[in-house]
Amino acid sequence: AIGPGATLPIVNDNIAPDGFPRPATLAGDTFPGPVIAGTKGDEFSINVIDLLGDPSMDLGTSIHWHGIFQKTTNFVDGAAFVTQCPLVPTESFLYNFNALDQAGTFWYHSHFRAQYCDGLRGPFIIYDPEDPQQYLYDVDDDWYHYLSVNSPPIPMFSSVLINGKGRYPGGPSEPPLAVVNVQQGTRYRFRLVSISCDPSFTFSIDGHQMTVIEVEGNNVQPLLIDSLVIFAGQRYSVVINADQPVANYWIRAIGQSGIITTNFSDYNSLAIFHYQGADDGLPPVDPTVNIPVSQLPLVETNLHPLTPSSVPGQPVPGGADININLEPTINAARTAFLINGVSFVSPTVPVLLQILSGARNASDLLPAGSIYGLGANKSVELTIPGGAIGGPHPVHLHGHAFYVVRSAGNSSYNFVDPVLRDVVTIGSAGDNVTIRFFTDNPGPWFFHCHIDWHLNAGFAVVFAEDVPDVPSQDITDDAWYNLCPTFDSFFNST
Ligand code: C2O
């Protein structure tokens, strides 16, 4: 792990984590990027340097600290064309922020075009020395669990990577599977981070249940489950008790996107849960037969905050100060997504810089039709119907966690003790996922589908929150262009 004062060089390299070689864009020249870890209250000061040079890939970059609210520091949110211009080669940018009282499991990734799909993503952990749930586990050090996919050819996914390892079915080589080492009698806190570009994963470990204790930086009442579905961008901390006989067990993560679902043949979608003292081989069961059936899948409505907090607004549907429907659709050619009829197209001047240059009303901000103004200190309800465009789509809000008052698969609301998180699936036809948050964080904040191809195809809006109080920043600084560079001359256009 690297600490809060890290330098993060962004480079091109060739990688073959699943045995299938491809060029990649990487943080710190590893895939996934290095774990960035700190302690609650730390000041983070991360210097990102663009050292990209492969002309067949995007040469610009910007890094988003997914899940960090950036209160008073909207200008380091890292969303290209929303809060900053992307860096150009040789340029560096200091992301300086304090996560205040946030702690838990986050991640970082490129927020320029679909660049994170090319590899630029890694975990970001903030430890809480006074974690109220510490009594539930013995070890929380470097047992992170990253779920990801490789994508040859883009944008279809073919193999599931766990901790950066996996096998491309029928690929040119058979690289080792990830091994997670445990000691019998010890309880582990595992941090599951889906750094996926697209698919969701159904995660389980043969012979072991798990207890969910954290959802995306929010502690939850302990919930015992035996499998969970995790969507792109989501995170969970689960406690697993290594209380089974010393042996090797399969860790399973079935990937699912559209009509594609991985299976366990060719050792795809698998890793090894290895007890100290067991042999170094594979688990004794054939992973393609005797697949355990989940009795206790994670159900989102069973997740409740550890400490009660109140949902902003009145406890009735449409009872917030501001109630907005966001209806996603797709164009006839299936090349662009739209929200309320408008496909998001990046402006040439980042939204934040438009505000700092004097624009005061959402209606003056570009891109027209994609900016929603929100006044200060208001409760906001967003309702997003699923289904019209296939699904499920995981939507993410920058700058806030939100209460999921109506989850996918439910017609009823929970205004009393719903889960707080920052990525939620909008489900499928008939679903109307509804979320609530409070506008206490001035700045332009992106809201988008976390399937990176979909964001890139316009599945996004920007909330211009409390514009008069947006924290200022010296826009004459070198790192701040009023007009972003002409990308055709700098960047590949794919
Ligand atoms: Cu994890 Cu806007 O992103």
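Residues numbered from 1 in each chain as written. Predicted model: local features only at pLDDT ≥ 70, side-chain atom pairs only at ≥ 80, totals over all residues.

With that settled, consider the overall build of the protein chain. Along the protein chain, the regular secondary structure elements total 3 helices and 32 strands. By the compact-globule yardstick of 23 Å for 494 residues, the protein chain fits well, its C-alpha radius of gyration being 22 Å. Taking all 494 residues of the protein chain together, 49% fall into the buried category. (Helix = DSSP H or I, 4+ residues; strand = E, 2+ residues; numbered from the N terminus. Rg over C-alpha atoms; globule rule 2.2 N^0.38 Å. Buried ≥ 20, exposed ≤ 12 C-beta atoms within 10 Å, placed from the backbone.)

Partitioning the protein chain into domains gives domain 1 (1-129), domain 2 (133-306) and domain 3 (322-490). Between the C-alpha centres of domain 1 and domain 2 the distance comes to 24 Å. (Domains from an automatic or database assignment.)

Here is the key point about a regular strand: its side chains alternate between the two faces of the sheet. Only one face of strand β4 (residues 43-50) is covered, namely the one carrying F44, I46, V48 and D50; the face carrying E43, S45, N47 and I49 has none of its residues buried. Of the pairings in the sheet, the one linking strand β1 (residues 7-15) to β4 comprises 4 bridges and is parallel in character. Of the residues in β4, the one forming a bridge with P9 is I49. (Pairing = 2+ DSSP bridges.)

The subject of this paragraph is unusual backbone geometry. Geometrically, the link from F31 to P32 is a cis peptide bond, its omega value of -10 degrees lying close to zero. Relative to the helices and strands, P32 resides in the loop between β2 (22-27) and β3 (36-39). The amide bond that connects L366 to the next residue, P367, takes the cis arrangement and shows omega of 5 degrees. Mapping P367 onto the fold places it in the loop between α1 (351-356) and β24 (371-374).

Counting residues in each nonpolar core, the largest one holds 128 residues, and the members touching the most others are V212, I251, I435 and V462. Each residue touching V212, except ones within four places of it in the same chain, is listed here: V220, L223, I225, Y236, V238, L298 and L303. (Core = buried A, V, L, I, M, F, W, Y, C linked by C-beta atoms within 7 Å. Contact = placed C-beta atoms within 7 Å.)

Overall, mixed pairing links the 4 strands, which are arranged β3-β8-β7-β5 in an open sheet. In this open sheet, the two edge strands, each paired with only one partner strand, are β3 and β5 (63-66). Direction aside, neighbouring strands of the sheet carry axes that sit 20 degrees apart on average. Pairing of β5 with strand β7 (residues 104-110), which is carried by 4 bridges, proceeds in the antiparallel orientation. Opposite I63, over in β7, you have S110 as the bridge partner. (Axes fitted to C-alpha atoms, helices over the stretch in contact; angles between N-to-C directions.)

With that out of the way, let us pick up the sheet that holds strand β28 (residues 420-421). Strand order in this open sheet of 5 strands is β21-β25-β30-β27-β28, and the pairing throughout is mixed. Lying at the two open borders of the sheet, with one neighbouring strand each, are β21 (322-325) and β28. For β21 and strand β25 (residues 379-385), the ladder comprises 4 bridges, and the chain directions are parallel. Note on β25: the bridge partner recorded for I322 is V380.

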